[in-house]
Amino acid sequence: MSARDTVATARPTTPSPRIVEIEGLRGIALTLVVLFHLFGNGRVSGGVDVFLVISAFLLARSILRKAQREEGARLAQHFAGVAGRLVPPAAVVLITVGAATLALLPPLTHEQNLREIIASALYFENWELIASQLSYGAAGPETSPLQHFWSLSVQGQFFLVWPFVTVVLVWVARRVGRSPLSVVVITTTILTALSAAFAIQLTAVDQPVAYFNTFSRFWELGLGALLGLTLHRIPLTSHTRAAVAWLGLALVISSGFLVDGGQLFPGPWTLWPVIGTLLVLLGSGSTSAHGPAPLLNTAFLRFFARISYPLYLWHWPLLIFYLQVRDYSRLGWAGALFVFALSVLLAWLTHRLIEVPIAALRKRVSTPKLLAVPVALTLLIVVPALIALAVDDAKRQAQLQAASQPSPDHIGAQALYQKPPAEFSSSVDIVPDASVAFDDLPSIYAQKCIQNYRSEPGMDKVLVCGSDVTSPSKTVIMTGGSHAQHWYPAMAAIAEQENWALIVIDKDGCRLSQTDPSDGISSCESWTESALQKIISLAPDAVFTVATETASPEAEHEFIADAQVEAWRALTDRGIPMVAVRDTPRFSFRVPECLQESDPGSTEGCGIDRADTYSDVSPFFERSDIPDLVSHIDLSDSFCTDTRCEAIVGNVLVYRDDDHMTATYARTLAPALRDALVAAMPSLF
């Protein structure tokens with residue numbers, strides 16, 4: 001909980017010396033977080049890491065004191081106080097985000113935002129972001145307005161679990177006759193070391209996942225907890241404390257300027273802000289006139305410390321909605337100042353109208369009554385969101401089911417393929433509707449046998465989607481990443497017609513390549529090696545894959561990677577023939593969102609020129625090193641005219657995002673694909 005929550009949650013209920021440096025450090029860290037989000041262009045300040053350390057530092061001290069005084073039974077009172085401080089301000093922001101989502105954002109985003117509202121209210125937003133395959137980066141119109149709740153969730157999980165861990169460890173220490181402090185310190189040290197090792201390993205192979213992962217972040221909390229438990233045993237002179245605190249403050253402030261945390265955290269470079277925070281805490285309490293305490297105790301920083309929690313809550317969704325409403329990709333100075341001023345105003349109002357009254361209420365009501373407030377607010381958010389999700393899912397499934405039914409008014413690719421052009425009514429609604437297009441996936445994904453694109457341990461394992469054809473006439477394997485698999489609806493129709501066994505061996509984001517791919521997915525190479533051996537062992541009659549990669553904002557020209565040709569040769573050298581299909585168009589925007597934001601009936605702005613994605617001639621024919629057993633098929637004319645590639649063809653929405661076909665459109669490609677396969681590889685028929 002990166003801001004007010006980090007300290008409020010862990011503040012002890014028993015008297016303890018006030019550490020004035022903490023308030024100012026929180027004010028500085030929060031200011032850095034907000035300013036970097038507004039002006040940092042994707043860089044992160046390290047302020048969140050400061051909050052992680054501080055929160056664990058204070059919570060560990062408080063909980064151990066209570067556990068040693070046998071106050072474990074009062075954990076309910078502790079949790080009631082924590083929830084009473086944190087939930088009401090968060091609830092106001094979540095309700096506002098929900099209303100703004102419905103009013104300002106395209107319907108295509110509603111389902112994901114509803115899921116994140118629930119996840120944020122229940123403090124598992126970091127896991128939701130991992131599950132929904134989001135990554136941390138520069139704020140933009142497509143960024144989640146609740147992405148910043150990931151850090152609140154990490155700390156919320158720590159605040160929920162750590163008190164129970166401490167109580168159990170104190171109980172164990174007394175049973176074995178050891179010091180509770182030593183048992184807690186040893187256990188925390190072990191857990192911190194394990195988390196650090198895991199963070200280093202996961203950051204190296206899948207940094208976006210590591211960034212949000214609770215277990216790869218625990219070591220920061222663990223270090224804060226260790227210092228909180230042992231600070232009183234570290235002897236330092238007053239002048240040393242002052243010097244140490246200044247060094248720590250310099251590390252905290254410089255972190256975002258010198259370290260690109262968005263790309264490197266939570267790996268070893270995270271030590272920069274973490275050590276800085278530890279040094280400020282270690283140097284706290286100095287009586288030297290030369291320490292940073294007077295600076296950290298200024299009215300300006302105390303003000304930002306007081307409003308830090310609501311300011312953290314408000315600034316990010318205001319930023320995202322501002323970009324959405326103004327249709328900007330990034331903020332200018334005027335917009336940044338406006339968002340900052342509005343964030344500070346709303347944070348101050350939230351502090352005065354919600355935090356202060358609830359703080360006074362805590363002194364007058366019993367634990368059950370105090371706990372009832374956050375519980376009721378959480379239910380007020382979660383229950384309606386769940387109902388809305390259920391209603392939305394039912395509507396979505398009905399629309400997808402309707403789109404899957406053949407219709408003479410929705411002929412899709414046949415509008416370009418048939419000569420003369422097919423006749424159909426252009427006055428009917430398109431299918432699938434743009435609001436559900438992203439979910440119009442090939443049915444093969446429902447079998448859960450496509451390997452995930454990430455590089456976490458175990459994600460180089462080869463999964464096989466089998467075929468239930470008992471006596472197949474031929475066996476065909478599909479592989480080559482998602483751009484091979486979005487042809488599956490058409491291939492499945494042909495396979496059923498021809499009695500093929502259609503087998504899928506695939507990993508999303510990973511073309512069949514024998515060297516590290518340009519997209520940086522490190523598990524792709526090892527997966528490919530295993531996949532090639534599996535394909536060879538199955539001895540298929542043909543392998544269907546994708547040949548080229550069309551031009552996009554990332555690639556200026558359509559091309560074929562050398563690594564793909566090497567992988568093809570590994571199969572053709574074993575006598576396995578291949579058919580490689582030319583890639584589909586790629587856009588610089590998400591097509592369904594473009595359609596939703598366009599004027600009704602207007603789709604012209606959601607297409608692209610053919611020359612922007614396709615070369616005049618397929619690069620397949622420009623290479624001399626392609627094995628003889630690889631045949632090429634080119635269905636680019638089923639997506640584009642001679643000059644344009646439109647978003648809608650034959651009343652069917654072609655794309656579910658910026659570069660993948662809808663399953664509905666893919667099904668309309670079956671006749672064109674079959675004719676192309678007959679011409680390229682007649683032995684299959």
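First, a word on scope: everything that follows refers to the structure included in this document.

## Considerations on the overall build of the chain
So, step 1. Assigned secondary structure in the chain consists of 25 helices and nine strands.
So, step 2. Taken over the C-alpha trace, the chain has a radius of gyration of 29 Å; the compact-globule value for 685 residues is 26 Å, and the two agree within 12%.
So, step 3. Taken along its principal axes, the extent of the C-alpha atoms in the chain is 85 × 50 × 45 Å.
So, step 4. Taking all 685 residues of the chain together, the buried fraction comes to 57%.
So, step 5. In the chain, of all internal contacts separated by at least 6 residues, the share reaching a separation of at least 24 is 80%.
So, step 6. A total accessible area of about 28,500 Å² is found for the chain, and carbon and sulfur atoms account for 60% of it.
So, step 7. Each charge class in the chain can be summarised by its mean position, and for the 48 positive and 62 negative side chains these summaries are 20 Å apart.

## Quick word on the pattern of salt bridges
So, step 1. Applying the stated criterion to the full structure yields 22 salt bridges.
So, step 2. Residues R396 and D393 are paired through a salt bridge, measuring 2.7 Å at the closest nitrogen-oxygen approach. Highlighted residues: R396 and D393, both in helix 17 (residues 367-403), separated by three residues, approximately one helical turn.
So, step 3. According to the relative accessible area criterion, D393 is partly exposed, its value standing at 32%.
So, step 4. Because the salt bridges share partners, they merge into one network encompassing E111, R115, D392, D393, R396 and D439.

## Some thoughts on the pairing of strand 6 (residues 630-633)
So, step 1. Judged by which residues are buried, strand 6 turns out to be covered on both faces: V630 and H632 on one side and S631 and I633 on the other are all buried.
So, step 2. Relative to strand 6, strand 4 (residues 578-581) runs parallel, the two being bridged by four bridges. Looking at the pairing, A580 lines up with H632 of strand 6.

## Points about the packing of helix 2 (residues 20-39) against helix 3 (residues 47-68)
Each pair of packed helices gets described by two things: the angle between the helix axes and the distance between those axes.
So, step 1. Remark: helix 2 packs on helix 3, axes separated minimally by 8 Å, with the N-to-C direction vectors making an angle of 150 degrees. Here helix 2 lies roughly antiparallel to helix 3, going by the angle between them. Judged by the twist between their axes, the crossing of helix 2 over helix 3 is left-handed. Residues I22, L25, R26, A29, L30 and V33 of helix 2 touch helix 3, and the partners they reach there are G47, V48, V50, F51, I54, F57 and L58.
So, step 2. Considered class by class, the residues forming the contact of helix 2 with helix 3 number eleven nonpolar, one polar and one charged.

## Structural notes on the nonpolar core
So, step 1. Counting 110 residues, the largest nonpolar core has F57, F158, L311 and L319 as the members making the most contacts within it.
So, step 2. Ranked by residue count, the leading element in this core is helix 3, at 14 residues.
So, step 3. If we skip the residues at most four places from it in the chain, L311 touches L30, V34, F304, S343, V344 and A347.
So, step 4. Within the second largest apolar cluster, 58 residues are counted, among which are A413, A422, L502 and F544.

## Structural notes on the packing of aromatic side chains
So, step 1. For the coordinates displayed, the defined rule picks out 23 aromatic pairs.
So, step 2. Look at Y211 and F212: their rings are 5.6 Å apart centre to centre, the planes differ by 75 degrees, and that puts the pair in the edge-to-face class.
So, step 3. What makes Y211 buried here is its relative accessible area of 4%.
So, step 4. Positioned above the aromatic ring of Y211 is the side chain of R217, whose terminal nitrogen or guanidinium carbon lies 4.5 Å from the ring centre.
So, step 5. Cation over ring: R656 sits above F438, and NZ or CZ is 5.2 Å from the ring centre.

## Some words on empty space enclosed by the protein
So, step 1. Under the counting rule described, the total for this entry stands at two cavities of 30 Å³ or more.
So, step 2. The computed volume of the second largest cavity comes to approximately 40 Å³.
So, step 3. V87, A90, A91, L94, S120, A121, Y123, T378 and I381 are the residues that line the second largest cavity.
So, step 4. If you list the elements that add at least two residues to the lining of the second largest cavity, you get helix 4 (75-104), helix 5 (110-121) and helix 17.
So, step 5. For the lining of the second largest cavity, the leading source of residues is helix 4, giving four residues.
So, step 6. Of the residues assigned to the lining of the second largest cavity, the class counts are seven nonpolar, two polar and no charged.

## Focus on helix 4
So, step 1. For helix 4, with 30 residues, the first-to-last C-alpha span of 42 Å sits near the 44 Å given by 1.5 Å per residue.
So, step 2. Roughly 30 degrees is the biggest bend found in helix 4, and it falls at V87, with proline P88 one to four residues downstream.
So, step 3. Of all 30 residues that make up helix 4, 21 are buried, and the element is covered over most of its length.

Conventions adopted
- Residues numbered from 1 in each chain as written.
- Predicted model: local features only at pLDDT ≥ 70, side-chain atom pairs only at ≥ 80, totals over all residues.
- Heavy atoms only, no water.
- Helix = DSSP H or I, 4+ residues; strand = E, 2+ residues; numbered from the N terminus.
- Rg over C-alpha atoms; globule rule 2.2 N^0.38 Å.
- Buried < 20%, exposed > 50% of the residue type's maximum accessible area, 1.4 Å probe, protein only.
- Contact = heavy atoms within 4.5 Å.
- Areas by Shrake-Rupley, 256 points an atom, 1.4 Å probe, with all protein chains shown as cover.
- Lys, Arg positive; Asp, Glu negative; His and termini not counted.
- Charge placed at Lys NZ, Arg CZ, Asp CG, Glu CD.
- Salt bridge = Lys/Arg side-chain N within 4 Å of Asp/Glu carboxyl O.
- Pairing = 2+ DSSP bridges.
- Axes fitted to C-alpha atoms, helices over the stretch in contact; angles between N-to-C directions.
- Parallel < 35°, antiparallel > 145°, perpendicular 65-115°, else oblique.
- Left-handed = near helix turned anticlockwise from the far one by under 90°.
- Nonpolar A, V, L, I, M, F, W, Y, C, P; charged D, E, K, R; others polar.
- Core = buried A, V, L, I, M, F, W, Y, C linked by side-chain atoms within 4.5 Å.
- Phe/Tyr/Trp six-rings, centres within 6.5 Å; stacked < 30°, edge-to-face > 60°.
- Lys NZ or Arg CZ within 6 Å of the ring centre and 35° of its normal.
- 1 Å grid on protein atoms, 1.4 Å probe; cavity = no way out; pocket = protein on both sides within 12 Å on 5 of 7 lines; lining within 4 Å.
- Points joined across faces, edges and corners; volume = space filled by probe spheres on them.
- Expected span 1.5 Å × (residues − 1).
- Bend = angle between axes of the 7 residues up to and from the residue.

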